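# Working through the structure, step by step
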Amino acid sequence: MVEWLLLLLPVAAASGWLAGRRSAESAHGSSHSQLNSAYFAGLNYLLNEQPDKAIDTLLDVLEVDSDTVEPHLALGNLFRRRGEVGRAIRVHQNLIEKPCLSSLQREQALLELGLDYMRAGMLDRAESLFLEALKRKSHVGTALRQLLDIYQQEKNWSQAIAIAQQLHEESGEATGPMIAHFYCELAEQRWARKQIMEAAQFIKQALASDWRCVRATLLQAHLAMEQSDYKMAIRCLRRVEGQDPDYLPEILKPLSECYQGLDRQDEFFSWLAEALERHPGCTPLILAQAASLRRQGEPEKSRRFLLEQLRQYPSVEGLQQLLALGVPKDIEAASEPWSLIEEVTRHLLKAKSSYACCFCGFSGKYCYWQCPGCKRWGTVKPFAGNT
Ligand SMILES: [Zn+2]
């Protein structure tokens, strides 16, 4: 709090001095004496350890002229950064009303006021200021980024798409992956309203914006599955490996269901074996392969496979599946520690996150397409490695 005053008092002193100089020139002393008394009142509050009152007193009387605009801007920004948004808004609104501001200074103050409104959660007011900035072609990059933030918070996806496209044209920033997620959001909305054709159209637009968008491909696959078009769904699901192999664990269940739907389980088993060769050590693939061996009536082969994989790529999930296969006869006598191990692994898995953000480290049990931690799109991925 006292830092404000270190900044405010020199501004007040400068204002007082300038007002004094002007009043000497024009022989009007009233504003000078008003400022002087406010300056000393502020100083008095400060000495009495009442910094809030000191700041308010000084803000009320500080004169804005071309020499004090910059300190005012700096002060407003400091207030905002410290979370004192009400004061920041007051400083910036006060600035904007002054006729002495150059057009550059006014635009800067309007932008700062927009950022204050963002911070205060007054999105409507912030939106209109940033739209005005776009019209005037001032601070375009900042205005576009803030508008993008606003439309995402409001879940206004079509506006978000338009702004993200403008941001790409303006800054060259790769906004395609983000736009693809916005189209996916629109597709999910339409799907929820049973507007399947529109949903499919948005999915196509998502993939046109970013061919690597796994979310769009998964949506496309699930849409096909809902219409029992398993062949189409399989084509989509198998595409995920080329888009981003980190998401392979996400396709195992639906892919198995599709092959079951076609009564072609063997093809799933052979795809699985090949995928494991391409991605050795991927725990979900190892578990699926062990399960598929059991489904093929090969429990002993499944156990041997799991043991062999666990030695190379140890994982709690693998251990739990091994334990679930039952206690081998030769150690049945010592089954008490065995059940304890089983309980511990179950407990460990219950507490374990299945997904993590590769950008900020956020972890959770669900695959969020927008990270709740850092708000980035497509950075939360399934854990596939051994733990
Ligand atoms: Zn994150």
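Residues numbered from 1 in each chain as written. Predicted model: local features only at pLDDT ≥ 70, side-chain atom pairs only at ≥ 80, totals over all residues. Heavy atoms only, no water.

Counting its regular elements, the chain contains 19 helices and three strands. Every one of the 387 residues in the chain was classed for burial, and the buried ones make up 45%. Once local pairs closer than 6 in sequence are excluded, the contacts in the chain between residues at least 24 apart make up 52%. Surface summary for the chain: the accessible area is close to 20,400 Å², and the carbon and sulfur share equals 52%. (Helix = DSSP H or I, 4+ residues; strand = E, 2+ residues; numbered from the N terminus. Buried < 20%, exposed > 50% of the residue type's maximum accessible area, 1.4 Å probe, protein only. Contact = heavy atoms within 4.5 Å. Areas by Shrake-Rupley, 256 points an atom, 1.4 Å probe, with all protein chains shown as cover.)

Here, the residues flagged by UniProt with the feature "binding site: Fe cation" (unreviewed entry) are Cys 357, Cys 360, Cys 371 and Cys 374. Taken together, the annotated residues stretch across 18 residues yet fold into one region, lying no more than 8.6 Å apart by C-alpha. Residue placement: Cys 357 occurs in strand S1 (residues 355-357). Contact partners of Cys 357, with chain neighbours within four places excluded, come to Phe 362, Cys 371, Cys 374, Thr 379 and Val 380. Discounting residues that sit within four places of it in the chain, Cys 374 has contacts with Cys 357, Phe 359, Cys 360 and Thr 379. (UniProt positions renumbered as here; feature names shortened; annotations may be inferred.)

Our focus in this paragraph is helix H6 (residues 103-120). Spanning 18 residues, H6 covers 26 Å between terminal C-alpha atoms, matching the ideal 26 Å at 1.5 Å per step. For H6, the set of buried residues is Gln 105, Glu 107, Ala 109, Leu 110, Leu 111, Glu 112, Leu 113, Gly 114, Leu 115, Asp 116, Tyr 117 and Met 118. Phi turns positive, to about 75°, at Gly 121, one or two residues after H6. (Expected span 1.5 Å × (residues − 1).)

Moving on: the side chain of Ser 292. Within the element layout of this structure, Ser 292 appears in helix H16 (residues 283-295). Setting aside residues up to four positions removed in sequence, Ser 292 forms contacts with Phe 269 and Leu 272.

This paragraph deals with the sheet that holds strand S3 (residues 380-382). The strand order across the open sheet formed by three strands is S2-S1-S3, and the pairing between neighbours is antiparallel. Where the open sheet ends on each side, the last strands, each with one partner, are strand S2 (363-364) and S3. The pairing of S1 with S3 spans three bridges and is classified as antiparallel. Bridge assignment links Ala 356 to a residue of S3, and that residue is Lys 381. (Pairing = 2+ DSSP bridges.)

To continue, consider a nonpolar patch on the surface. Together, Leu 340, Val 344 and Leu 348 line one region of the surface with nonpolar side chains, adding up to about 270 Å² of accessible area. Since its relative accessible area comes to 53%, Leu 340 is described here as exposed. (Patch = residues over 30% accessible without salt bridge, like charges linked within 9 Å, V, L, I, M, F, W, Y side chains within 5 Å. Salt bridge = Lys/Arg side-chain N within 4 Å of Asp/Glu carboxyl O.)

Angle between the axes and distance between the axes are the two parameters that describe a pair of packed helices. Packing of helix H4 (residues 69-81) against helix H5 (residues 85-96) leaves a shortest axis separation of 7 Å and a crossing angle of 155°. Judged on the interaxial angle alone, H5 and H4 are roughly antiparallel. Relative to H5, H4 is oriented so that their crossing is left-handed. The segment H4 lies against H5, with Val 69, His 72, Leu 73, Leu 75, Gly 76, Asn 77, Phe 79 and Arg 80 engaging Val 85, Arg 87, Ala 88, Val 91, His 92 and Leu 95. Split into classes, the residues belonging to the contact of H4 with H5 amount to eight nonpolar, four polar and two charged. (Axes fitted to C-alpha atoms, helices over the stretch in contact; angles between N-to-C directions. Parallel < 35°, antiparallel > 145°, perpendicular 65-115°, else oblique. Left-handed = near helix turned anticlockwise from the far one by under 90°. Nonpolar A, V, L, I, M, F, W, Y, C, P; charged D, E, K, R; others polar.)

This brings us to the coordination of the zinc ion. Taken together, Cys 357 (SG), Cys 360 (SG), Cys 371 (SG) and Cys 374 (SG) make up the full set of protein donors to the zinc ion, lying 2.3 to 2.4 Å away. Taken together, the four donor atoms coordinating the zinc ion span angles of 102 to 114° at the metal, a pattern that classifies the geometry as tetrahedral. Of note, the zinc ion draws all its donor residues from one chain, in the sequence arrangement C-x2-C-x10-C-x2-C. A residue pair is termed long-range when its members are at least 10 positions apart, and Cys 360 in the loop between S1 and S2 and Cys 371 in the loop between S2 and S3 qualify at 11 residues. (Donors = N, O, S within 2.8 Å, 3.2 Å for Na, K, Ca; no water. Tetrahedral: all angles 85-135°; square planar, octahedral: opposite > 155°, others 65-115°.)

Right, let's talk about the pattern of salt bridges for a bit. Summed over all chains, the structure comprises 14 salt bridges. For the salt bridge of Glu 173 with Arg 145, the shortest nitrogen-to-oxygen distance reads 2.6 Å. Residue Glu 173 is found in the loop between helix H9 (157-171) and helix H10 (176-192), and its partner Arg 145 is found in helix H8 (residues 140-153); the two are separated by 28 residues along the sequence. According to the relative accessible area criterion, Arg 145 is partly exposed, its value standing at 39%. Ionic pairing is found between Lys 381 and Asp 244, a salt bridge with its closest N-O pair at 2.8 Å. Highlighted residues: Lys 381 in strand S3 and Asp 244 in the loop between helix H13 (230-243) and helix H14 (248-261), separated in sequence by 137 residues. The class of Lys 381 is buried, set by a relative accessible area of 16%.

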